[in-house]
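Spelled out, the chains give:
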Amino acid sequence: MKIKILALVVILLAGSIVTKAGNDELSFKQTIVSKIQYPEFAKDQKLEADVWVSFTVNENGEITVNQTNSIDPDLMDYVKAELKKIRVNTDNEVIGKTFMYRFTFKYQE
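In every chain, residue numbers begin from 1 and rise along the written sequence. Selection of residues for local features in this predicted model requires a pLDDT of at least 70, selection of side-chain atom pairs for listing and counting requires 80 or more, and totals for whole chains, interfaces and linings are taken over all residues. Note that water and hydrogens are dropped before the side-chain values are worked out from all heavy atoms of the structure.

S.K.: Is there a simple way to explain unusual backbone geometry in this structure?
M.R.: Excluding glycine, a negative phi dihedral is what most residues carry, and trans is how most peptide bonds are arranged. Unusually for a residue other than glycine, Lys46 sits at a positive phi of about 55°. Here Lys46 lies in the loop between helix H2 (40-45) and strand E2 (49-57). In this description a helix means any DSSP run of H or I spanning at least four residues, a strand means any run of E spanning at least two, and both kinds are numbered starting from the N terminus.

The structure is reproduced here in structure tokens:
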């Protein structure tokens, strides 16, 4: 039996409206996508859920999670914990901005 796992779909839904997306914001999004992967515990349990999260990048370059929502509390806690590990250079254009992301975790056999 061959198992395929569709790890994660990340959609930038809202946040600050930017008329010109610079390289800093693009690299920030790529960092988030690379850091939040389908976790092992979710693979073992074949979990599927969306995790909605609103967060702000503070002046120290730390991510402050404002609000989360999901039908799966374990995936929600995982996303919050992983986001809090990310640090941003203090000269990055995302400092002070608020974002809303949807992380979609899907398991496929």
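Moving on, there is more to tell.
S.K.: Could you clarify how one ought to interpret the side chain of Ser54 in this entry?
M.R.: With respect to the helices, strands and loops of the structure, Ser54 is situated in strand E2. Only protein chains enter the accessibility calculation, which uses a 1.4 Å probe; a residue whose area is less than 20% of its type maximum is buried, one above 50% is exposed, and one in between is partly exposed. By relative accessible area, which is 11% here, Ser54 ends up buried.

S.K.: Looking at this structure, how should I read the packing of aromatic side chains?
M.R.: In this description, a pair of aromatic rings is defined by centroid distance and the angle of the planes. We call Phe, Tyr and Trp rings a pair once their centres come within 6.5 Å, taking the six-membered ring for Trp, and we label the pair stacked below 30 degrees between planes, edge-to-face above 60, and tilted otherwise. The tally for this structure, following the rule as stated, stands at 9 aromatic pairs. Between Phe41 and Tyr78 the ring centres are 6.2 Å apart and the planes differ by 75°, which places this aromatic pair in the edge-to-face class. Linking Phe41 in helix H2 with Tyr78 in helix H3 (residues 73-85), this pair joins segments that are 37 residues apart in sequence. Relative accessible area serves as the criterion here: at 26%, Phe41 is assigned to the partly exposed category. Connected via pairs of aromatic rings, a cluster forms that spans Phe28, Phe55, Phe99, Tyr101 and Phe103.

S.K.: How should H3 be read in this particular structure?
M.R.: Along an α-helix, residues three or four apart share an orientation, since each turn contains 3.6 residues. For H3, spanning 13 residues, the distance from its first C-alpha to its last is 19 Å, which sits close to the expected 18 Å at 1.5 Å a residue. Listed as buried for H3 are Leu75, Met76, Tyr78, Val79, Glu82 and Leu83. With its buried residues spanning 160° around the axis, H3 presents them on a single face. One side-chain oxygen at the N-terminal end of H3 lies 3.0 Å from the backbone nitrogen of Asp74; it belongs to Asp72. By this rule, a helix spans an expected 1.5 Å times one less than how many residues it contains. Note: the arc covers the axis-to-C-beta directions of the helix. Pairs of N or O atoms within 3.5 Å make up the polar contacts considered here, provided that, within protein, one atom can donate a hydrogen while the other can accept it, and that residues adjacent in sequence are counted only when both atoms are side-chain atoms.

S.K.: Mind showing me how you'd approach the pairing of E2 here?
M.R.: Moving residue by residue along a regular strand, the side chains alternate between the two faces of the sheet. Along E2, 7 of the 9 residues are buried, which leaves the element largely enclosed by surrounding structure. Note that E2 and strand E4 (residues 98-105) share 8 bridges and pair antiparallel. Directly across from Thr56, in E4, lies its bridge partner Thr98. Note that E2 and strand E3 (residues 63-70) share 7 bridges and pair antiparallel. Strands are treated as partners if at least two bridges between them are detected by DSSP.

S.K.: Please clarify how the pattern of salt bridges should be interpreted in this entry.
M.R.: Note that side chains of opposite charge can pair when their charged atoms are close. Salt bridges are defined as contacts in which a side-chain nitrogen from Lys or Arg sits within 4 Å of a carboxyl oxygen from Asp or Glu. Tallied over the entire structure, the rule returns 4 salt bridges. The partner of Glu82 in a salt bridge is Lys85, and the shortest N-O contact between them spans 2.9 Å. Placement of both Glu82 and Lys85 in helix H3 is noted, with a separation of 3 residues, approximately one turn of the helix. Judged by its relative accessible area of 17%, Glu82 is buried. Exposure remark for Lys85: the relative accessible area of 57% places this residue in the exposed category.

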